Each structure stands twice: as structure tokens, then as C-alpha cells.
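# Residue-level structural notes
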Amino acid sequence: DGGITQSPKYLFRKEGQNVTLSCEQNLNHDAMYWYRQDPGQGLRLIYYSQIVNDFQKGDIAEGYSVSREKKESFPLTVTSAQKNPTAFYLCASSTQGAGVVNEQFFGPGTRLTVL
Amino acid sequence: AQKITQTQPGMFVQEKEAVTLDCTYDTSDQSYGLFWYKQPSSGEMIFLIYQGSYDEQNATEGRYSLNFQKARKSANLVISASQLGDSAMYFCAMRVRYNFNKFYFGSGTKLNVKP
């Protein structure tokens, strides 16, 4: 079955540590996205990528980094520079072929807690 | 600038009744798509329904329908015959042609269905 996988589901980090969240899709989508969601809040865009080896900052990119070495993979690193990283992180992907028509597909999310 | 506004932070509805969740949008692009997503407490984002800016008829998907009023720039979600499983957060989102790799999300509405 096609879809998006994120791992781990739960992640605990000590202050000062970098952690990497995994996102893999087998939908053959060109565009991939990372969102952050705080409790009871909406989605805020961290980074997005339209093509391999290219990505753009979203609205809250500070303290985060990404890479896009393969079409299927878009890992997110939460660095120690991110002051309040405890949140729910969602990865998504979308095709570009038909312009505005196609929706985003989302992974199940990773809950990151800083201890 | 593109913007999605959801003015109802929380709503209650009696089981088996219909409910309307409000969404207004702002864009200067003539070609855009509007999406609704459901987010249960588990965190996954579930795509519900899509409406294109050039679609003349309101979109429907089972118990979900989209009340699209282009002149008012509103795209309200109507859920008929509410079920307990409809209790969740609901997000309205938009994609515009000139930058169709980016999705704009509203802040969400928390729907509670009462038995």
C-alpha cells in the first residue's frame, strides 16, 4: 500500500541534543513537507521540498534542518538551537502534476518531548 | 497574501444532527483549491473533501459536503447526521496556482459530538 511512514512515533530528547525525525513516502510524490503542531493549535510549516536536493524554509524554520537526497525521503533534524521543540511533527507529500487539485497526504506523526 | 480563517475554535453538536464548520479564505489568485481535513485525537490527518475554484457545483463526499460561496470567499464544511466518531479537529486548507507547492491551513475547529 502506498503511503507515508514516520518514525519514531514517540521521541524523547535531552536538552542540547540534536534529533532526526524520519519521513519516507512511496507515493512517487515530488513535493514533501514538514509541519509542527502544538497542542490545540493548527499546523505551522517548517520546511518544504519540491524536488530532490532542493528545499525552502517555511514559516518557522529556525532551529530545524532538512535534507532531500532521495525523492522518497525527507528527514527533519531538530537542533539544539530550537528553544522549544516539544511538539507533534507531521510529514506530508503531494503531487504537482495537476496544480491545485491534489491534496496533501500525511504521515502518522512523531511526538517529540524534550526532557 | 493567502490566508485561511476558521472562527470557531470549538463546537458541539448532538448526535444525528447536521453541523456546519466555517471557513473563509483570502487570495488574489483566480485558480485555487480548497480542502478539508479531519484530525482525530490520534493525530493523523485525514483528507475529507476538495473544492476547486472553477467548480460550479458544491463538492460532496458521503456525509460531507462543501458549501462553496465564491463571492463571499467561504468554503464551509457541512457534516450531515453526525456520529460520535466525527469528534475531532477539522482543518480547512487552500492551495493556489501561482505557488501550488504550498498549502495554507486554518487554525482548526474542535468538534464534539454529544450522544
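First, a word on what this report is: a plain description of the structure on this page. Quick caveat, the model's predicted, so the values are computed rather than measured. (Residues numbered from 1 in each chain as written. Chains lettered and ligands numbered in written order. Predicted model: local features only at pLDDT ≥ 70, side-chain atom pairs only at ≥ 80, totals over all residues. Heavy atoms only, no water.)

## Quick word on the overall build of chain B
What counts, and what does not: Here a strand is any run of E in DSSP of at least two residues, a helix any run of H or I of at least four, and the numbering for each starts at the N terminus. Between the two quantities, the radius of gyration covers C-alpha atoms and the globule rule is 2.2 Å times the number of residues to the power 0.38. Residue exposure (1.4 Å probe, protein chains only): buried if accessible area is under 20% of the type maximum, exposed if over 50%, otherwise partly exposed.
The secondary structure content of chain B amounts to 0 helices and 12 strands. The secondary structure elements of chain B, listed N-terminal to C-terminal, are β-β-β-β-β-β-β-β-β-β-β-β. Taking 115 residues into account, the globule formula puts the C-alpha radius of gyration at 13 Å, and chain B, at 14 Å, falls close to it. Viewed in the frame of its principal axes, chain B has a C-alpha envelope of about 45 × 30 × 20 Å. Relative to its 115 residues, chain B shows a buried fraction of 53%.

## Observations concerning the side chain of B:Ser82
Let me state the cut-off plainly: We call two N or O atoms a polar contact when they sit within 3.5 Å, provided that within protein one can donate a hydrogen and the other can accept it, with sequence-adjacent residues counted only if both atoms are side-chain atoms.
Residue placement: B:Ser82 occurs in the loop between strand S9 (74–79) and strand S10 (88–96). A polar contact is formed between the side chain of B:Ser82 and the backbone oxygen of B:Glu17, at a distance of 2.7 Å.

## As for the state of the cysteines
What we call a disulfide is simply a covalent bond connecting the sulfur atoms of a pair of cysteines. The criterion, for reference: Whenever a pair of cysteine sulfur atoms sits within 2.5 Å, that pair is classed as a disulfide.
Going through the model one piece at a time under the given rule, you end up with 2 disulfides over all chains. The disulfide bridge from A:Cys23 ends at A:Cys91, spanning 1.8 Å between sulfur atoms. Looking down the S-S bond of the A:Cys23 and A:Cys91 bridge, the torsion is -70°, so its handedness is left-handed. One end of the pair, A:Cys23, is in strand S3 (residues 19–25); the other, A:Cys91, is in strand S9 (residues 87–94), and 68 residues separate them in sequence. On the accessibility criterion, A:Cys23 (0% relative accessible area) is buried. Residue pairing for B:Cys23: its cysteine sulfur links by disulfide to B:Cys92, the two sulfurs lying 2.0 Å apart. Residues B:Cys23 and B:Cys92 are joined through a disulfide that is left-handed, its torsion about the S-S bond being -65°.

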